[in-house]
Amino acid sequence: MAMTEQPTDPAGQETARRASGGERGPAPGGERGPAPGDEGPEAAHERVNRRWNEILQETRVTQTGVQILFGFLLSVAFTASFKELEALDRGIYVATVVLGASATGALIAPVSMHRFLSGQRMKDDLVETAGRLMMCGMVLLALTIGCTLLLILRFVVPGVLAEVLVGGVMLWFGLCWYVLPLGLRRRAARRSRARDDA
């Protein structure tokens, strides 16, 4: 039984090992490869595909939350206690339902856009628009949650405590969803500038 010998290609094996995320030795020409925390060079089509996949993952997470919340809001109108709501509470309920429906529309829009534009070679535009719709949907979702909390807490706690609690929750959302990511982005930009200056 004859065995075929595989040609030895140390350079090719080294390149494959680096590409697969293994050992990060010097690149050809004596240059160092990317640091462990850095991303390597990315082609334009790879970047847009990665960004689109990230948007799809984010959409799955947010759609689940907004759909459960929206379903709960729709069911409230058919309960016996709904007839006892005061005019202000009814107004809060209507605003909450409209905000929930708007959030649902914004967060599901990227899927509809992808269906309509599939094969049109417009993925760059699709990713940019879908990202903006996701941000808009997140704002609408935060407002929907805030109004839902207000509607519920007005029945549970006395006086202005409901408004104070809802204001605290909304501040927390703003901190977690917007302030913290912007702070991390600025810190990364400062690190990048420091590396470039060094």
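Residues numbered from 1 in each chain as written. Predicted model: local features only at pLDDT ≥ 70, side-chain atom pairs only at ≥ 80, totals over all residues. Heavy atoms only, no water.

Enquirer: Report on the packing of aromatic side chains, specifying residues and quantitative values.
Expert: With the rule as written, the count across this model stands at 1 aromatic pair. Ring geometry for F173 and W177: centres 4.8 Å apart, planes at 15 degrees, overall stacked. Of this pair, F173 and W177 both sit in helix 5 (residues 161-197), 4 residues apart, which is roughly one turn of that helix. (Phe/Tyr/Trp six-rings, centres within 6.5 Å; stacked < 30°, edge-to-face > 60°. Helix = DSSP H or I, 4+ residues; strand = E, 2+ residues; numbered from the N terminus.)

Enquirer: Please provide a residue-by-residue account of a positive patch on the surface, values included.
Expert: Together, R186, R187, R190, R191, R193 and R195 make up a region of like positive charge exposed at the surface. Structurally, R195 is set in helix 5. (Patch = residues over 30% accessible without salt bridge, like charges linked within 9 Å, V, L, I, M, F, W, Y side chains within 5 Å. Areas by Shrake-Rupley, 256 points an atom, 1.4 Å probe, with all protein chains shown as cover. Salt bridge = Lys/Arg side-chain N within 4 Å of Asp/Glu carboxyl O. Lys, Arg positive; Asp, Glu negative; His and termini not counted. Charge placed at Lys NZ, Arg CZ, Asp CG, Glu CD.)

Enquirer: Any details on the layout of surface pockets? Residues and values, ideally.
Expert: Its boundaries defined by the atoms lining it, the largest pocket holds a volume of some 520 Å³. As for the largest pocket, its lining consists of 16 residues, and the residues nearest its centre are E58, G131, M134, M135 and R185. Broken down by secondary-structure element, the contributors of at least two residues to the lining of the largest pocket are helix 2 (44-76), helix 4 (123-156) and helix 5. A total of 6 residues in the lining of the largest pocket trace back to one element, the largest contributor, which is helix 4. In terms of residue class, the lining of the largest pocket is built from 9 nonpolar, 2 polar and 5 charged. As for the second largest pocket, its lining consists of 13 residues, and the residues nearest its centre are V76, S81, L85, L151 and F155. Only helix 2 and helix 4 provide two or more residues apiece to the lining of the second largest pocket. The element that contributes the greatest number of residues to the lining of the second largest pocket is helix 4, accounting for 5 residues. For the lining of the second largest pocket, the class distribution of residues is 9 nonpolar, 3 polar and 1 charged. (1 Å grid on protein atoms, 1.4 Å probe; cavity = no way out; pocket = protein on both sides within 12 Å on 5 of 7 lines; lining within 4 Å. Points joined across faces, edges and corners; volume = space filled by probe spheres on them. Nonpolar A, V, L, I, M, F, W, Y, C, P; charged D, E, K, R; others polar.)

Enquirer: Any chance you could break down the packing of helix 4 against helix 5 for me, citing the residues and the numbers?
Expert: Angle between the axes and distance between the axes are the two parameters that describe a pair of packed helices. Put simply, helix 4 and helix 5 touch, their axes get as near as 9 Å, and they point 160 degrees apart. It follows that helix 4 is roughly antiparallel to helix 5 by the angle criterion. The handedness of the crossing between helix 4 and helix 5 is right-handed. Across from M135, M138, V139, L141, A142, L143, I145, G146, L149, L150, L153 and R154 in helix 4, the residues of helix 5 making contact are A162, E163, L165, V166, V169, M170, F173, W177 and Y178. A breakdown of the residues in the contact of helix 4 with helix 5 according to their chemical character gives 18 nonpolar, 1 polar and 2 charged. (Axes fitted to C-alpha atoms, helices over the stretch in contact; angles between N-to-C directions. Parallel < 35°, antiparallel > 145°, perpendicular 65-115°, else oblique. Left-handed = near helix turned anticlockwise from the far one by under 90°. Contact = heavy atoms within 4.5 Å.)

Enquirer: Now, about the side chain of T104: what can you tell me, with residues and values included?
Expert: By the element assignment, T104 lies in helix 3 (residues 87-117). Take T104: its relative accessible area is 15%, and that puts it in the buried class. Only 2.8 Å separates the side chain of T104 from the backbone oxygen of G100, close enough to count as a polar contact. Apart from the residues within four sequence positions on either side, T104 is in contact with V66 and F70. (Buried < 20%, exposed > 50% of the residue type's maximum accessible area, 1.4 Å probe, protein only. Polar contact = N/O pair within 3.5 Å; in protein donor to acceptor, adjacent residues only side chain to side chain.)

Enquirer: Go over the environment of L153 with me, naming the residues and quoting the values.
Expert: As for its position among the elements, L153 is in helix 4. For the pair L153 and E163, spaced 10 residues apart in the sequence, the C-alpha separation amounts to 8.2 Å.

Enquirer: Describe the pattern of salt bridges, with residues and values.
Expert: Evaluation of the coordinates by the stated rule reveals 4 salt bridges. Residue E128 pairs with R132 through a salt bridge whose shortest N-O separation is 2.9 Å. Here R132 and E128 lie together in helix 4, a separation of 4 residues that amounts to about one turn. Judged by its relative accessible area of 40%, E128 is partly exposed. Overall, the relative accessible area of 58% leaves R132 in the exposed class. The residue R154 makes a salt bridge to E163 at a minimum N-O spacing of 3.5 Å. For R154, a relative accessible area of 27% translates into the label partly exposed. Bridged by salt links that share partners, the residues D89, R154 and E163 form one connected network.

Distances and angles like these do not, on their own, reveal function.
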